[in-house]
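In case you want the letters, here they are:
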Amino acid sequence: MVIGFKKRFINPILAKTKKHTIRDDSHNRWKAGMKMHMSTGVRTKQYNQFNEETCKSIQEIEIIRTSDYLNEIIVKIDGRILNQDEVQQLAWNDGFDNLIDFWIWFHNGFKGKIIHWTNLKY
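Here we summarise the structure given alongside this text. (Residues numbered from 1 in each chain as written. Predicted model: local features only at pLDDT ≥ 70, side-chain atom pairs only at ≥ 80, totals over all residues. Heavy atoms only, no water.)

1. Here we look at the overall build of the chain
Filter applied, for reference: A run of DSSP states H or I qualifies as a helix once it reaches four residues; a run of E qualifies as a strand once it reaches two. Both are numbered from the N-terminal end. Each radius of gyration reported is based on C-alpha atoms, and the globular scaling rule is 2.2 Å times the count of residues to the power 0.38. For every residue, the accessible area obtained with a 1.4 Å probe (protein chains only) is divided by the maximum for its type, and the residue is called buried under 20%, exposed over 50%, and partly exposed between those limits. The contact rule is simple, with two residues in contact once any of their heavy atoms fall within 4.5 Å. Note on charges: Lys and Arg go in the positive column, Asp and Glu in the negative column, and His and the chain ends are not counted at all. In plain terms, the charge of a residue is placed at NZ if it is Lys, CZ if Arg, CG if Asp and CD if Glu.
When helices and strands are tallied, the chain shows three helices and eight strands. The N-to-C order of helical and strand elements in the chain reads β-α-β-β-β-β-β-β-α-α-β. In terms of overall dimensions, the chain is globule-like: its C-alpha atoms have a radius of gyration of 14 Å, near the 14 Å expected for 122 residues. Principal-axis analysis of the C-alpha atoms gives the chain an extent of 40 × 25 × 25 Å. Within the span of the chain, comprising 122 residues, buried residues form 39% of the whole. For the chain, the share of sequence-separated contacts (at least 6 apart) that also reach a separation of at least 24 residues comes to 62%. A gap of 8 Å separates the mean positions of the 19 positive and 14 negative side-chain charges of the chain.

The following block contains the structure:
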């Protein structure tokens, strides 16, 4: 299945530092074993498939904003609350340079899935 990425994530994916992606998957489309056609410019003339992987596993993720302060955000994976070091590692593994960029990206909170193409699990 085609999965779109911002261009900023091409190099981390190809360098294998981005190990998963966090997505809304309200229709439960993603399953282990599915081919992932990693692309930019999806549904445009600039479409570019830059990589292909296989989905290894899916995990539930919830990011809960508890106040206006960035350090007061709770991250749960499969119902387990991550500590600050684990959240930092999650941000790096998702292709972010630092935790602040991760918080800004998900500043309103989020509920969805982590789609893994490596054997990593949290």
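Next, the rest of the story.
2. Side note on the nonpolar core
Operational definition: We define a nonpolar core as any set of buried Ala, Val, Leu, Ile, Met, Phe, Trp, Tyr and Cys residues linked to one another through side-chain atoms lying within 4.5 Å.
In terms of nonpolar packing, the biggest core is built from 28 residues, with Leu90 and Phe102 touching the most fellow members. Listed by contribution, the elements that provide at least two residues to this core are helix H1 (10–14), strand E3 (35–40), strand E5 (57–65), strand E6 (73–77), helix H2 (84–93), helix H3 (99–105) and strand E8 (110–116). Each residue touching Leu90, except ones within four places of it in the same chain, is listed here: His20, Ile22, Ile61, Val75, Ile77, Leu82, Phe102, Ile114 and Tyr122.

3. So, the side chain of Lys113
Here is the rule: Whenever two N or O atoms come within 3.5 Å, that pair is a polar contact, provided that in protein one can donate a hydrogen and the other can accept it, and provided that, for residues adjacent in sequence, both atoms are side-chain atoms.
For Lys113, the location among the structural elements is in strand E8. Polar side-chain contacts of Lys113 include one of 3.4 Å to the side chain of Asp25.

4. Quick notes on the sheet that holds strand E7 (residues 80–81)
Our working definition: Any two strands with at least two DSSP-identified bridges between them are counted as paired.
Taken in spatial order, the five strands of this open sheet run E2-E8-E5-E6-E7, and their pairing is antiparallel. Among the strands making up the open sheet, the edge pair consists of strand E2 (20–23) and E7. Bridge count for E2 against E8 is four bridges, and the pairing is antiparallel. Within E8, the position partnered with Arg23 by the bridge is Lys113.

5. What to know about the pattern of salt bridges
Pairs may arise between side chains of opposite charge once their charged atoms sit close together. Using the following cut-off: Salt bridge, as used here, is a side-chain nitrogen of Lys or Arg placed within 4 Å of a carboxyl oxygen of Asp or Glu.
On inspection of all chains with the given rule, the structure shows four salt bridges. Two residues, Lys16 and Glu53, come together in a salt bridge whose shortest N-O distance is 3.7 Å. You can see Lys16 sitting in the loop between H1 and E2 and its partner Glu53 sitting in strand E4 (residues 48–54), a full 37 residues away along the chain. Residue class for Glu53 comes out buried when judged on its relative accessible area of 18%.

6. Let's talk about the packing of aromatic side chains
Formally: Centres within 6.5 Å make a pair out of two Phe, Tyr or Trp rings, where for Trp the six-membered ring is used; the pair is then stacked when the planes are under 30 degrees apart, edge-to-face when over 60, and tilted otherwise. Counted as over-ring charges are cases with an Arg CZ or a Lys NZ within 6 Å of the ring centre that also lie within 35 degrees of the ring normal.
Scanning the model with the defined rule gives ten aromatic pairs in all. Arranged with centres 5.8 Å apart and planes meeting at 75°, the rings of Phe9 and Phe96 form a pair that is edge-to-face. Within this pair, whereas Phe9 is found in the loop between strand E1 (2–4) and H1, its partner Phe96 is found in the loop between H2 and H3, the two being separated by 87 residues in sequence. Members of the aromatic cluster, each reached through a chain of ring pairs, are Phe9, Phe96, Phe102, Trp103, Trp105, Phe106 and Phe110. The cationic tip of Lys18 hangs over the ring face of Phe9; the distance from NZ or CZ to the ring centre is 4.6 Å. Lying across the ring of Phe5, Arg23 places its NZ or CZ 4.7 Å from the centre.

7. Describing unusual backbone geometry
Backbone geometry places Lys16, a non-glycine residue, at a positive phi of 65°. Among the residues examined, Lys16 registers a relative accessible area of 56% and is labelled exposed. For Asn28, which is not a glycine, the phi torsion comes out positive at approximately 50°. Relative to the helices and strands, Asn28 resides in the loop between E2 and E3.

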